[in-house]
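Given next are the chains, with one letter for each unit.
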Amino acid sequence: VTAPTPRGAPHPPAPLSPVPLAMGEGEGEAGQEKVLTFIEERVVSLLKVKPDAFRKLAGQDEEKRPLMDFITNEYCPVVFFTMGAKDLSCFNGGKDGSPGLAAAKKKVAYFRKRSAVKVAGDNVHSDVLWGDMSPSPLTHIFHAGQDVFTPVITNPRNQEFMSDIISSQVSESMHKTVSQIYVALGQSMGKTLLAVPPSEMLRSDGSAGKDKDRVHVLETSVVTWTVQIKNVLKTNPETALSGPENPGPLVGIAFWEDKANNLTSIREQLSSDRIKKVLRVLDLTKSPYYSAFMALIREVDLACAEARDNVKYLSTLKPHFEKLNSLDDFSQMPSLFHPIMHLLLLVWKNSKYYNTPAALAVLMRELCNDIIMKAHEFINPSELLNEEAAEAHEKLVTALKVCGFFKKVYFDYKLRATKECPNNPWKIQNSALFVRLDAFNERMMDVLDLTRTVMQFEKLDRVEIGGNKGAHLTMCVAQIYQDFEQLFTGFKEVGYDVLDIDITRFEPDYFAFRNRIQELEARLTNVLDDGFNDCGSIFDAFKLTDSFGDLLERDFIQADLELRHIALIKAYGADLQEVRTLFLSERYRSNEGKFYERDGAPLYVNMPPVAGSLFWVRGLIDRIEEPMSHLTKVMQVCADFDETRDVVALHEDVLSQLKEFEASMYEDWAVSVDEVSHDKLKMPLLQRDRDTAELAVNFDPALVRLLREVKYLHMLGRKAPAIAETLFEKHEVFRVQIGKLNHVTHMYNHMVRTMFEVEKPLLKAQMKQIDRLVEKGLRELSWSASGINDFIDQAMALVTEAHSTLGEMKANMAGGEKLLDEWAAQPLMRRKEGKTYSPVAFVEEHEQYLEGRYKNITESAKQIHKLLANSNVVLKVSKGAPAWRAYVEFINDIVLAGLSRTVVNSLQYLLKQIDPAVAKARDGPNADLTPMLEVELLLVGSEVKFSPMLGISGTREGLLDRVHALIADFYECVRLVARLERQDGDFLKEIEENEDVRFAVHRIITECEANEEECNAFCKPFYEHKHLWAKEIDTQLAKFVAECRLAPDGGAPGGQVAVRGGAAAAGDDDGASVAPSGPADVLSELDLAKFDQRIALYKAEQAEVEQLPTGATSRFVRINSKPIKHAIAVWASKWVYAYTHFLESRITASLDDLMAFVHKVQQGLNTEFDPEDTEQLITAMTYIRDVRRRAEGIDHMWEPLKGKVTLLKKYGIVVPEATMELIESAPQKWENAKKATVNAREALGPLQALQAEKIKEEVEDFGERVEAFVQAFHEEAPFKFDTNTERTYRLLDEWHVKLREMEDEAALMAESEELFEVHVHTFKEMHDCRTELGLLKRAWDMASLVLEIFNDWRNSLWSSVDVDEMIEETKRLLREVKSLPKAIKQWPVFIGLQAAVQDMMVSLPLIQDLRDESMRDRHWKQLASITGKDIPLPFPADFALRHLLALQLHKFVDDVGEVV
């Protein structure tokens, strides 16, 4: 219905400036102005906005787009306008991307087309409907039904013409309708609201029939509640999965949160008093629904507990699900699968309810939905067929891998659940979990095949055919390709998502695309043409349907006018009924809960009872009279209708009741006026409260009401009784007097309430003077007396002076407190938000900031002293007065408290910077958790150190030093404030003893110590690689090479290769011996597997070093570990280089050595030999021997050599090409050298035999000399014990030289034997002599040590002998002597050494007994007699231990013991 312009609308504004809109042909600026003016007038009128708001909207391109669409687009049927927080906005029902009606908070104006046309100036009035609507229609309907229609319909007076059955059914239907609206309202808010029956249904009127009806209504409500509650209980997360939305796990969690909230709301409603009353009635009436409903309540409790438990455990998964849902990089999604599954397993193990297969299946299916959604977004099906086929192919492959990895992670955790939860494993069929994911994978596989097909057909674009018909055939192929492109373009425009597995049309469309390319090519143009035509006819059909709907709507507008009249009359009748209901319900008692609730009619704000009631009644009369004047003609037209007659009668009845009430209200009030005005004027001016001593103006409220009633009656145009009018003539005098007295009492009461005990003695005299004057107003003066104004002036002067003095004192105190608050508001340190400092930079910035703060505190402290001095001046009191001194001490305590807050707040701020937990607790999720300081982790020498140090350092530059310095800076501010009660001194001692300060300092230091522990723990992974820099590379490499060398026969690893013979084996000076003596001689014997393992080990350690963290955050410290990580990485590279370079260099050295050896052998053996030249013969035999020695090693070195090359290549080290060529040619050169030695050996055979005979004779002679040498060694060597160690060591050296000469000669002999292939003699006797000489040297070393220690003891003076230490040392020497090798123990030197130690072991305890203080000269004489030796008595000054040892006490043990 086209709404009329509301009454009181503003004057239509001037037309807008023309806005460029797309009008129909023939439309000009005038047509545009008409459309915009039409819309503007109605928007301004309906929404009560200024015309400028609409003009601003129309002047913004983006904001006016919905309006332009409505005007220019015939298919845009509606536009809405609403006033936002600041500006006017418009939208097209939410389809334009705007929130729509759901977001509207205020009244909405709408404009709707009757038919699909463009809006122009000539059709805007006829084709556009307009009106306004509430932003929440459901709430409006509910309140209208409950507060308007229900009272009207259930009113007994409106049911007089109905039978009891009909009236009961009508009332029940109305209550049921309102209840259904209430339930629907709850559903719109996402809640389950239980509609409670009317309160009258809970009261019995004694009628059995009606009681039965009431019980029936209550049972009906219970049944409705049961259905509602069971619907909530039946809800489960699996229901959403059966719909088309395909929810994710966040929806599942939201389901449990909503269900928990919904069930909690239901429980609260069930616990309400009204529902309890309903259940009590059903219980008393033995209703069969009672027990069932109580059981249902218990089910609600159980379901609520389950929902809350599920919410608690699922909340741990929510951050991961949110991260998965908002993840932008699809390739990073697999990193979330393990944490999600791990938490899911923990929930399964710990939750009471969420550990069932059904729950797991739902969550897994929802998780699959999210993965499908993210894969869908990643692939972007809308662009999939439009982008390059290769790119689409790559995306699909990536998505398939991610989906497959998710299933793998699930199966891994399923196996883990079987092991960890044997009693409750994940027994769920895979088909129940991955049905949609598998279908999505299958669809992706189909699309993947499609991309491959496209990639194949795109090749036709480059085909050219030659020959006579080439041009024609090429044209045909080109046509085929063109047709294919058209076909594929059509497929891309199928209009649905090719990855939507719910769309089954993909399969037939795809196979039709593949199998009918030629057929579709012929039909495509026809189909496109026909389709365009068809689209046109369908579009016309759509417009026709829309037009038909508009025709129906015009038919409705042209409906019978009588129906509209009846509707208006009924609406007015409903309003009359509402007025009567309102009058009857509130004329004696206004509605409960209203701000003007009282006994009597409702009042307008600030109006007195009688005038307000009269005004209220007059408002009701105007409310029913004004519409009646407009409905007079309508009533005449519809006078014959029953509805009209009922409304007329109702109007007369309501009007008469209102006027009767108005008259009675005024008459009752007029009777009481005389009594009030006579008695209340005799009351005193003031009254005092006995408890608080505060004053109050004693002008009775009844007088105030009387004056106000008269005032408002005048405003209503009515006269009051004469006595009331007389009193009202003085209302201005009363107003001024009451105002002044109120001001006086307010100042007085303010002083009484705010004055501290310490301030009362300072204002005692002024307060006494005021109280004497006040007594006059309390006892003598009344409102009808004279002299009131003089009293008020005197009281005003005294109270104002005292109040001003106290106010200035309070202001000075407040000024000081404000300064103290300013100190405490800003901590004594500052840190830029989100910035991490180096300790040095922080100290520099802190010192600059602190300098300004100290200056401010110093100046503020001086200001506090000035304020205190000002208070003293105002009070005019001596500074030595006790009252003033007490006040100063009071202010002193305030200053101390302010300083305490300043220090504590600064400490708390520091604590917040160094403890993230404190920052989170104070600032919540917006807390700045950036670490305050940064330190570097360095490798200094062989130690891992922080720079600067974490604790206390000698240079006071450690972090803990910095923290202590900050705390000291906080304390320093206390020294800047002088005490108030004396000239010198500060508050430092009190601050240091403050418990809050001490506790904060303790927490800060504890936090710093904990931080130090965490930082040290961070260093542990770096210490694990300590061996890289702690061990010497060359030493470890040499040791490893020794361990990796194999025996010459390929046996177990050994040390250095033994070479028979002595120094002569190294060759003569002419270099005849070419056997290598360096590491290259065993290169071919290295265990390459161990080298491979060792290099791989260091490579792996390199990788581990790369994984070391480059930094970390420990509480308030950010650790920069890049320097140490780089240093360790360099060390790891050095180790890898050392081993690989060793192999590389040894390959080159081995080949160089071999080639030099081959060259020397071939050169030496290719010369002619002189049979008479023995030296030449020896040289040739040396070459032959060297080849023989190295033959086996060199013959087997080629494969190991190649293995080393392969090993080096494995680790990226390329052997030079020249070296590789040498490896290939060296075997042949070596074979040539061996052949040369064979030929030389055959030529030198006779000379070799002759020389061998000579060597045998020399060996026999040498053997005889060896026998003689051994015999002389056993006879002349120092095998006997002797105290002259110098002579003994001289003999040992002589025999060592002799033995070395014999060994050298034996080595030369063995060298000659080996050279000429004669049996090599080892001369075992000489080896035994060498062994015995070594043991003899060891025995004499021990004897020399013992004798030297004993000689030192012998020279010790008797007065300084420490016998206990000597005994312990002797025991140690005896143990070492006994630990000598067994072969020595039969030699005389060992026997003599052992006897000397044992004698000393026996003598020392006796000497210890002789040092007893009870020893006298007689005892020493007796001892001299026993031993037969002289003892000088008394002891001379040089008496030493040797004098007692000379007594040979070990021979007289028992006798000495008796003497002692």
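Before reading on, note that the structure itself is shown above.
Residues numbered from 1 in each chain as written. Predicted model: local features only at pLDDT ≥ 70, side-chain atom pairs only at ≥ 80, totals over all residues. Heavy atoms only, no water.

Novice: When you look at a nonpolar patch on the surface in this model, what are you seeing that I'm missing?
Specialist: A surface patch of nonpolar side chains, about 230 Å² in accessible area, is lined by Val223, Val227 and Tyr289. Assignment of secondary structure puts Tyr289 in helix H11 (residues 288-314). (Patch = residues over 30% accessible without salt bridge, like charges linked within 9 Å, V, L, I, M, F, W, Y side chains within 5 Å. Areas by Shrake-Rupley, 256 points an atom, 1.4 Å probe, with all protein chains shown as cover. Salt bridge = Lys/Arg side-chain N within 4 Å of Asp/Glu carboxyl O. Helix = DSSP H or I, 4+ residues; strand = E, 2+ residues; numbered from the N terminus.)

Novice: How should I be thinking about helix H13 (residues 334-350) in this particular structure?
Specialist: Each full turn of the α-helix corresponds to 3.6 residues, which orients residues three or four apart in the same direction. Under the 1.5 Å per step criterion, the end-to-end length of H13 is 25 Å for 17 residues, consistent within 8% with the ideal 24 Å. Within the span of H13, buried status applies to Pro334, Leu336, Phe337, Ile340, Met341, Leu343, Leu344, Leu345, Val347 and Trp348. (Expected span 1.5 Å × (residues − 1). Buried < 20%, exposed > 50% of the residue type's maximum accessible area, 1.4 Å probe, protein only.)

Novice: Whenever I open this one, the environment of Arg975 confuses me. Can you help?
Specialist: Positionally, Arg975 belongs in helix H35 (residues 959-975). For Arg975 and Phe987, which are 12 residues apart along the polypeptide, the C-alpha to C-alpha distance reads 7.0 Å. Look past the residues within four positions of Arg975 in its chain and what remains in contact with it is Asp986 and Leu988. (Contact = heavy atoms within 4.5 Å.)

Novice: What am I meant to see in the pairing of strand E3 (residues 108-113) here?
Specialist: Along any regular strand, the residues point their side chains to alternate faces of the sheet. For strand E1 (residues 78-83) and E3, the ladder comprises 5 bridges, and the chain directions are antiparallel. By the bridge assignment, Val79 is partnered in E3 with Phe111. For E3 and strand E4 (residues 128-133), the ladder comprises 6 bridges, and the chain directions are antiparallel. Residue pairing across strands places Ala109 opposite Asp132, the latter belonging to E4. (Pairing = 2+ DSSP bridges.)

Novice: Where do I start with the nonpolar core in this structure?
Specialist: One recurring pattern in soluble globular proteins is that nonpolar side chains are buried together. Within the largest apolar cluster, 179 residues are counted, with the highest numbers of intra-cluster contacts made by Leu910, Phe1091 and Trp1230. The biggest single contributor to this core is helix H42 (residues 1122-1165), with 18 residues. Look past the residues within four positions of Trp1230 in its chain and what remains in contact with it is Leu1154, Phe1157, Val1158, Val1187, Arg1190, Ala1191, Ile1194, Asp1195 and Trp1198. (Core = buried A, V, L, I, M, F, W, Y, C linked by side-chain atoms within 4.5 Å.)

Novice: Help me understand the packing of aromatic side chains, please; the structure alone is not making it clear to me.
Specialist: Geometry of an aromatic ring pair is reported as the spacing of the ring centres plus the angle between the planes. Inspection of every chain in the model, using the stated rule, returns 35 aromatic pairs. Where Tyr837 meets Phe842, the ring centres are 5.5 Å apart and the plane angle is 70°; that geometry is what we call edge-to-face. Note on accessibility: Tyr837 and Phe842 belong to one class, buried. Seen from their ring centres, Phe1040 and Phe1091 are 5.0 Å apart, and the 75° between their planes marks the pair as edge-to-face. Here Phe1040 is found in helix H40 (residues 1033-1044), whereas its partner Phe1091 is found in helix H41 (residues 1088-1107), with 51 residues between them in sequence. Of the two residues, Phe1040 and Phe1091, neither departs from the other in class, the shared state being buried. Clustering of aromatic rings is evident, with ring pairs tying together Phe337, Trp348, Phe405, Phe406, Tyr410, Phe411, Trp426 and Phe434. (Phe/Tyr/Trp six-rings, centres within 6.5 Å; stacked < 30°, edge-to-face > 60°.)

Novice: Help me understand the pattern of salt bridges in this model?
Specialist: Should their charged atoms come close, side chains of opposite charge can pair. Using the criterion set out here, one finds 35 salt bridges in the structure. Across the pair Arg580 and Asp653 runs a salt bridge whose closest N-O atoms are separated by 3.2 Å. Of this pair, Arg580 sits in helix H22 (residues 561-586) while Asp653 is found in helix H25 (residues 642-671), placing the two residues 73 residues apart along the sequence. Given a relative accessible area of 3%, Arg580 falls into the buried group. The salt bridge partner of Asp1328 is Lys1324, with a shortest N-O separation of 3.1 Å. You can see Asp1328 and its partner Lys1324 sitting in helix H48 (residues 1324-1354), 4 residues apart, about one turn around the helix. Exposure remark for Asp1328: the relative accessible area of 31% places this residue in the partly exposed category.

Novice: Sorry, what's going on with the sheet that holds E4 here?
Specialist: On the basis of which strands lie adjacent, the open sheet formed by 4 strands has the order E2-E1-E3-E4 and antiparallel pairing. What marks the edges here is a single partner per strand, and that holds for strand E2 (88-91) and E4. The sheet shows a mean angle of 20° between the axes of neighbouring strands, taken without regard to direction. Sheet topology places E1 next to E2; 4 bridges connect them, and they run antiparallel. Across the sheet, residue Phe80 finds its bridge partner in E2, namely Phe91. Lying over the sheet, helix H2 (residues 51-58) contacts E1 and E2, oriented at roughly 50° with respect to E2. Its contacts with the sheet place helix H3 (residues 65-72) against E1, E2, E3 and E4, and it is angled at close to 150° to E1. (Axes fitted to C-alpha atoms, helices over the stretch in contact; angles between N-to-C directions.)

Novice: Explanation requested: unusual backbone geometry in the structure shown.
Specialist: For residues other than glycine, phi is negative in most cases, and the peptide bonds are mostly trans. With an omega of -5°, the peptide bond running from Ser947 to Pro948 counts as cis. Looking at where Pro948 falls in the secondary structure, it is placed in the loop between strand E8 (943-947) and H35. The phi dihedral of Lys48 is positive, around 60°, even though this residue is not glycine. For Lys48, the location among the structural elements is in the loop between helix H1 (29-47) and H2.

Novice: Looking at this structure, I do not really get the environment of Val963. What am I missing?
Specialist: Secondary-structure assignment places Val963 in helix H35. In this structure, the C-alpha to C-alpha distance between Val963 and Leu910, residues 53 residues apart in sequence, is 8.8 Å.

Novice: Could you clarify how one ought to interpret the sheet that holds E8 in this entry?
Specialist: Working definition: the strands of a sheet are paired by backbone hydrogen bonds and lie parallel or antiparallel to each other. Strand order in the open sheet formed by 4 strands is E8-E7-E10-E9, and the pairing between neighbours is mixed. Edge positions in the open sheet fall to E8 and strand E9 (1111-1114), since each of these has one partner strand only. In this sheet, neighbouring strand axes are inclined to one another by 25° on average, regardless of whether the strands run parallel or antiparallel. On top of the sheet, H42 reaches strand E7 (933-940), E8 and strand E10 (1117-1120); it is set at about 20° to E7, its chief contact.

Novice: Would you take a moment to explain helix H14 (residues 357-379) for this structure?
Specialist: Between its first and last C-alpha atoms H14 spans 32 Å; for 23 residues at 1.5 Å apiece the expected length is 33 Å, and the two agree. After H14 finishes, the residue Asn380 shows a positive phi value of roughly 60°.

Novice: Any chance you could explain the packing of helix H32 (residues 839-875) against helix H33 (residues 882-914) here in plain terms?
Specialist: For any two helices packed against each other, the geometry is given by the interaxial angle and the distance between the axes. In the contact formed by H32 and H33, the axes pass within 12 Å of each other and the chain directions differ by 155°. In terms of orientation, H32 lies roughly antiparallel with respect to H33. You can see that H32 and H33 cross each other, and the crossing is right-handed. Contacts between H32 and H33 pair Ile864, Leu868, Ser871, Asn872 and Leu875 from the former with Trp884, Tyr887, Val888, Ile891 and Val895 from the latter. (Parallel < 35°, antiparallel > 145°, perpendicular 65-115°, else oblique. Left-handed = near helix turned anticlockwise from the far one by under 90°.)

Novice: Where do I start with the pairing of E7 in this structure?
Specialist: Alignment of E7 against E10, held across 4 bridges, turns out to be parallel. If you follow Leu933 over to E10, its bridge partner there is Val1117. Pairing of E7 with E8, which is carried by 5 bridges, proceeds in the antiparallel orientation. Along E8, the bridge assignment pairs Leu937 with Phe946.

Novice: Could you clarify how one ought to interpret a negative patch on the surface in this entry?
Specialist: On the surface, a cluster of negative charge is contributed by Glu1257, Glu1258, Glu1260, Asp1261, Glu1264, Glu1267 and Glu1325. Ranked by residue count, the leading element in the negative patch is helix H46 (residues 1245-1276), at 6 residues. Classification of Asp1261 by relative accessible area gives partly exposed; the value is 48%. (Lys, Arg positive; Asp, Glu negative; His and termini not counted. Charge placed at Lys NZ, Arg CZ, Asp CG, Glu CD.)

Novice: In this structure, what is going on with the side chain of Gln913? I would like to understand it.
Specialist: Along the chain, Gln913 falls in helix H33. Those residues within four positions of Gln913 in sequence are excluded, and the remaining contacts are Met829, Arg831, Met932 and Phe1116.

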